[in-house]
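Observations on the three-dimensional arrangement
Residues per chain are reported as follows:
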Amino acid sequence: MRSSTFLALCSAAVSYALPTIESVGGKFFTSDGDQFFIKGVAYQLTEKDPLVDTEQCTRDASLMKKLGANTIRVYHVDPSEDHSGCMSAFSDAGIYTMIDMDTFDTYILPNDPWWNQTQLNRYSEVMDAFQHYDNLLGLFVGNEIIAINNQSNAAPFIKASCRDLKAYRDAKGYRNIPIGYSATDIAELRPWLQDYLTCGGNSSENIDFYGLNSYQWCDPTDYMTSGYSNLQEQAKNFPVPIFFSETGCNKPGPRLFDDQDSIFGPDMVNDWSGAIIYEWIEEANDYGLISYGPEADATATGANIVGGFSRAGTPTPVSPDFDNLSKHWATITPTGVARSDYDTASVSTRECPTSTAGGWLVDGNVRIPSLGETLTGSYSSIPSATGTAASPSPSETQNSVSGSKEIAGMGAGLVSVMMVFAFWL
């Protein structure tokens, strides 16, 4: 017992080698005062918790370092497990983590939203489990809660979760770990959702960062044709860091990752804080950057095999995706601005959007729901926390991504789980 405890403490101590990261205005900064840009990959080897197998994390972290990654995004973790080995392995490789706090049974529902003590407790457990790791970059309160345009009445509940988790963080004396949201790219809700989550002038309620899951850039294309120019126009002087929390369209393929030159180059680098590529592991959706072995029959069973794909082992780069991304990242080294030279007055505080026909439903700066509230009435311009979401009617416009396309980008081995719980990635 003593030796295992000692090893765990030593392992955890190693993960303190990296400077911590904080969101300031529209940018991320390290505790050394340097601006931080995300070069990330989505990392969810299983539907449970990929940060409990130290040997696997060590193998993956080593190859991620060669890829040029400095961040991973993990969608689901078990806060009761020991993560010290994996967090140390990624820290040793210079890699930060961004972790979703929700679980399959605690995420905020889009059509019948509520926010209660049970949800707060479960989210807080994730924060408690990871807050002491210096390579924790940020925490998500939700991922694609609002998936179609008529679900925007859930937005005040996203703010409520952010308010209570930031209050919990501060009451516990934790460092200012950024807390934010990861959104579906829905043309009908741009830019109202990102503006709403940062409006009102109350930083204790607003998100600390905004992630966008966007698959608009499908090689071969360019900055103007892809629609990235529209995203950039809506992100100018954004008041909190904005970045791609998922990206990497694979149709028609192969993925060239030319979008990285725009994201980290003159077109967008002044307003965007990087990108997380979907995804690390190869599955039936063909989004993987690596594989752990040849594809097996979809019905095959065995250790670490799900949906016909191995979930552990020695990572082998998938060609040409891995090399294409690695070559781009090797040539992209934005320096940004030093924190000491950064003027937060340069960002633009967003106005709370008014409702729009067939689109954004929350009219103005409505009252944020208190802990324990459920949506029961209808929103109006009078501050209120009661409302009823309109019946969902999916629609798609230019440069948006339909729900079916986004589901196609998820892990095939997890489809049955996601169908039960409605949303995951």
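Placed above this text is the structure.
Let me begin by describing the structure that accompanies this report. (Residues numbered from 1 in each chain as written. Predicted model: local features only at pLDDT ≥ 70, side-chain atom pairs only at ≥ 80, totals over all residues. Heavy atoms only, no water.)

The next thing to look at is the overall build of the protein chain. Looking only at helices and strands, one finds twelve helices and 15 strands in the protein chain. The buried share of the protein chain, taken over its 425 residues, is 58%. Across the protein chain, the fraction of contacts at a sequence separation of at least 24, relative to all contacts at a separation of at least 6, is 78%. A total of about 16,300 Å² of accessible surface is found on the protein chain, and carbon and sulfur atoms cover 52% of it. (Helix = DSSP H or I, 4+ residues; strand = E, 2+ residues; numbered from the N terminus. Buried < 20%, exposed > 50% of the residue type's maximum accessible area, 1.4 Å probe, protein only. Contact = heavy atoms within 4.5 Å. Areas by Shrake-Rupley, 256 points an atom, 1.4 Å probe, with all protein chains shown as cover.)

It is worth spelling out the packing of helix α2 (residues 54–67) against helix α3 (residues 84–92) at this point. Where α2 meets α3, the axes come as close as 8 Å, and the angle between the chain directions of the two elements is 15 degrees. Viewed along their axes, α2 and α3 adopt a mutual orientation that is roughly parallel. Crossing handedness for the pair α2 and α3: right-handed. Facing α2, whose interface residues are T54, C57, T58, A61, M64 and K65, α3 presents G85, C86, A89, F90 and D92. (Axes fitted to C-alpha atoms, helices over the stretch in contact; angles between N-to-C directions. Parallel < 35°, antiparallel > 145°, perpendicular 65-115°, else oblique. Left-handed = near helix turned anticlockwise from the far one by under 90°.)

On to the pairing of strand β5 (residues 71–74), then. Side chains T71 and R73 of β5 all project onto a buried face; the interleaved residues I72 and V74 project onto the opposite face, where all are buried too. Note: strand β4 (residues 38–42) against β5, three bridges, orientation parallel. If you follow A42 over to β5, its bridge partner there is R73. In this region the chain leaves β4, passes through α2 and returns to the parallel neighbour β5; the handedness of that crossover is right-handed. Two elements, β5 and strand β6 (residues 96–100), share four bridges in a ladder whose sense is parallel. From the neighbouring strand, R73 faces β6, where its bridge partner is M98. On the question of chirality, the crossover connecting β5 to the parallel β6 by way of α3 is right-handed. (Pairing = 2+ DSSP bridges. Right-handed = clockwise from strand over helix to strand, strands pointing away.)

We now examine the packing of aromatic side chains. The full count for this structure, using the stated rule, is 18 aromatic pairs. An aromatic cluster of three or more residues is present, and its members are F28, F140, F209 and F243. Here K39 stacks its cationic end above the ring of F264, 6.0 Å away from the centre of that ring. Across the ring face of F140, the terminal group of R73 is positioned such that the distance to the ring centre comes to 4.2 Å. (Phe/Tyr/Trp six-rings, centres within 6.5 Å; stacked < 30°, edge-to-face > 60°. Lys NZ or Arg CZ within 6 Å of the ring centre and 35° of its normal.)

Ranked by internal contacts, the top residues of the largest apolar core, which has 90 residues, are Y43, L51, F130, Y181, Y210, W280 and L289. Discounting chain neighbours no more than four positions away, the residues touching Y210 are Y181, A183, L193, Q194, L197, F238, V240, P241, I242 and F243. Formed by 19 residues, the second largest nonpolar core is a distinct cluster that contains F28, F36, I38 and Y75. (Core = buried A, V, L, I, M, F, W, Y, C linked by side-chain atoms within 4.5 Å.)

At their nearest, the axes of α2 and helix α10 (residues 321–331) sit 8 Å apart, and the two run at 55 degrees to each other. When the interaxial angle is binned, α2 and α10 end up oblique. Of the residues in α10, those touching α2 at L63, K66 and L67 are F322, L325, S326 and W329. Looking at the contact of α2 with α10 residue by residue, the class counts come to five nonpolar, one polar and one charged. (Nonpolar A, V, L, I, M, F, W, Y, C, P; charged D, E, K, R; others polar.)

For the rest of this paragraph, the subject is the pattern of salt bridges. Here the structure, examined in full by the defined rule, presents twelve salt bridges. One salt bridge connects D208 with R169, and the closest N-O pair in it is separated by 3.4 Å. Of the two residues, D208 sits in the loop between α6 (192–196) and β9 (210–213) while R169 sits in helix α5 (residues 155–171), which places them 39 residues apart along the sequence. Of the two residues, D208 and R169, neither departs from the other in class, the shared state being buried. Residue R255 is joined to D321 by a salt bridge in which the shortest nitrogen-to-oxygen separation is 2.9 Å. Of the two residues, R255 sits in the loop between β10 (242–247) and α9 (259–263) while D321 sits in helix α10, which places them 66 residues apart along the sequence. (Salt bridge = Lys/Arg side-chain N within 4 Å of Asp/Glu carboxyl O.)

Evaluated as defined, the whole model comprises three disulfides. What pairs with C199 in a disulfide is C352, and their sulfur atoms sit 2.0 Å apart. Since a negative S-S torsion denotes a left-handed disulfide, the C199-C352 link at about 95 degrees is right-handed. One end of the pair, C199, is in the loop between α6 and β9; the other, C352, is in the loop between α10 and α11 (403–408), and 153 residues separate them in sequence. Both residues of the pair, C199 and C352, count as buried. In the protein chain, the cysteines engaged in disulfides, taken in order along the sequence, are linked 1-2, 3-6, 4-5. (Disulfide = S-S within 2.5 Å.)

Mapped onto the secondary structure, S326 falls in helix α10. With relative accessibility at 17%, the residue S326 sits in the buried group. In this structure, S326 is in contact with K66 and L67, ignoring residues within four places of it in sequence.

Relative to the helices and strands, K39 is located in strand β4. No salt bridge is formed by the buried K39; its nearest oppositely charged neighbour, D261, is found at 9.5 Å. In terms of polar contacts, K39 uses its side chain to reach the backbone carbonyl oxygen of I332, at 2.5 Å. Beyond its immediate stretch of four places on either side in the chain, K39 contacts G68, A69, N70, T71, F264, A275, W329 and I332. (Lys, Arg positive; Asp, Glu negative; His and termini not counted. Polar contact = N/O pair within 3.5 Å; in protein donor to acceptor, adjacent residues only side chain to side chain.)

Distances and angles like these do not, on their own, reveal function.
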